[in-house]
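The lines below spell out each chain.
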Amino acid sequence: MPFSKQGTDTEGRSALKEAQTQLDRAAELLSLDPNLAERLRHAKRSLIVAVPVRMDDGHVTSFTGYRVQHNVTLGPGKGGIRYAPSVNLEEVTALSMWMTWKCALMNIPFGGAKGGICCDATKMSRGELQRMTRRFTFEIFNFIGPDKDIPAPDMYTNEQTMAWIMDTYSTQVGHSVPGVVTGKPAVIGGSVGRREATGGGLVNLIMSALEHLGLEPGKMTAVVQGFGNVGSVAAQELSRRGVRILAVSDVDGGVYNKAGLDIDALIHHVEWKQPVTAFSGGEPVTNAAILEIPCDILVPAATSGQITAENAPRIDCRILAEGANGPTTLEADRILEDRGVFLIPDILGNAGGVTVSYFEWVQDSQQYFWDMSEIQGRLEKIMKRAFAEVMALSAEKKVGHRMAALMIGISRVAEAMRLRGLYP
Ligand code: GLU
């Protein structure tokens, strides 16, 4: 199923159903107290706001914005804000639930949250985006804060969006509050290495997986769907480690070269606002076809619902390293598991981003900043530890890697809830 510039409607209600089904299965395997499982099935708080924006032509459009905090037992809510036409309450709720498990799996002291605005950011001017971001921040002002809930970038939001949120929040408070968001520019309290963290963390895990399977990076091939922050960094880091990148794509389609793509040249090409499809170093390939190219490592790093029961039988890779949130449906999961594909599941695969977000939040609160080697070293250690924990639980309980990752995350949150008890 190809994804479009407008995002996808494969998220939403079905994503929430999938997230709840995953929780139910994990709860059963963990013999979780049904009262705790019941509490975890629901988001703690959900806020829906109207975001009126004066557009460049003078008329006013009211967008709908959301912020959902699924669970804040382990710490403040944490999770991105996305701007896409697919954004709705169900999608945001599912994504906030995945953030809860992801933070707990990585053992970082955050709960799970997510937010978004239903809009097509690709068709909006910089001025419109700024006014929308500032008004949205104002509307959710009481809901967020360094000790309450800390937004970060997600689909179609970036460092600039975070800078506007931080500035609007700080203006309301009366002084600079860098810790209200992560993923902001370094000069205003961002962390070095945050932009590269999701792709870099994913490559740390791929290296662990290769070692686990006794495979050498220099003999491997990879295909990367999505060439944003996650996909481009993953492709670059893999190619630096000797992996031959056969194909990459962005929203409009991709390029394929059996001999391997020159990733540095491709990154330079897209920096000039050129689509991947216009790159001369390979043949064109569609977003649907790219997933079916035989390779050792397949990295879906675009959006959710890409690998379905329909195309899963034709996926031909040894390692599926999920950079996006929810790229594989539950049915496809079963097909790939039966076929012996080694899965690096999304809540582990893309957790490098929120892990360095945690580093950023710590640095903001200490007002003491770390250098790149410290960030990379600490990130690698956390990624490798989480990978080892998932492998160990998967072997012990004879469950797939996704279920093992979910079980670790869910059991940590449940244990904290049990200890804290139910108020009143
Ligand atoms: N949006 C990213 C995610 O889905 C990052 C979240 C964060 O850094 O808070 O994991």
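Going by the structure above, here's the rest.
Counting of residues starts from 1 at the beginning of each chain's written sequence and follows it residue by residue. Side-chain atom pairs in this predicted model are given and counted only at pLDDT of 80 or more, local residue features only at pLDDT of at least 70, and totals for whole chains, interfaces and linings cover all residues. Computation of side-chain values: all heavy atoms of the structure, hydrogens and water removed.

Let us now look at the sheet that holds strand S6 (residues 221-225). If you trace the 7 strands from one edge of the open sheet to the other, you get S9-S8-S7-S6-S10-S11-S12, paired in mixed fashion. Pairing within the sheet leaves two strands with one partner each, and these edge strands are strand S9 (283-285) and strand S12 (342-344). Between one strand axis and the next, the sheet turns through 20° on average, direction left out of account. By definition, two strands form a pair when at least two bridges between them are found by DSSP. Elements are defined by DSSP. Helices are runs of H or I of four residues or more, strands are runs of E of two residues or more, and each kind is numbered from the N terminus. Direction of pairing for strand S8 (residues 253-256) relative to S9: antiparallel, over a ladder of 3 bridges. Opposite Tyr 256, over in S9, you have Glu 283 as the bridge partner. Contacts are residue-level and defined by heavy atoms, with any inter-residue pair within 4.5 Å sufficient. Here, axes are lines fitted to C-alpha atoms. For helices the fit covers the stretch in contact, and angles between N-to-C directions go from 0 to 180 degrees. Its contacts with the sheet place helix H7 (residues 229-240) against S6, strand S7 (244-250) and strand S10 (297-300), and it is angled at close to 170° to S7.

Looking now at the pairing of S8. Examined bridge by bridge, S7 and S8 share 4 bridges and lie antiparallel to one another. Residue pairing in the sheet places Ser 249 in a bridge with Gly 254 of S8. The turn joining S7 and S8, which pair antiparallel and follow one another in sequence, is formed by 2 residues.

Bringing the sheet that holds strand S5 (residues 149-153) into the picture now. Strand order in the open sheet formed by 5 strands is S1-S2-S4-S3-S5, and the pairing between neighbours is mixed. Every other strand in the sheet has two partners, leaving strand S1 (45-54) and S5 as the edge strands with one partner each. Across the sheet, the mean angle from the axis of one strand to that of its neighbour is 20°, orientation sign disregarded. Relative to strand S4 (residues 112-118), strand S3 (residues 77-83) runs parallel, the two being bridged by 3 bridges. Bridge pairing links Tyr 83 to Ile 117 in S4. Where helix H4 (residues 126-139) meets the sheet, it contacts S1, strand S2 (60-71), S3 and S4, and its direction lies at approximately 140° from that of S1.

Once that is clear, we can look at the side chain of His 269. As for its position among the elements, His 269 is in helix H8 (residues 263-271). With near-sequence residues (within four places) excluded, His 269 lies in contact with Gln 274, Pro 275, Val 276, Ala 278 and Phe 279.

Purely spatial values, then, with no claim about function.
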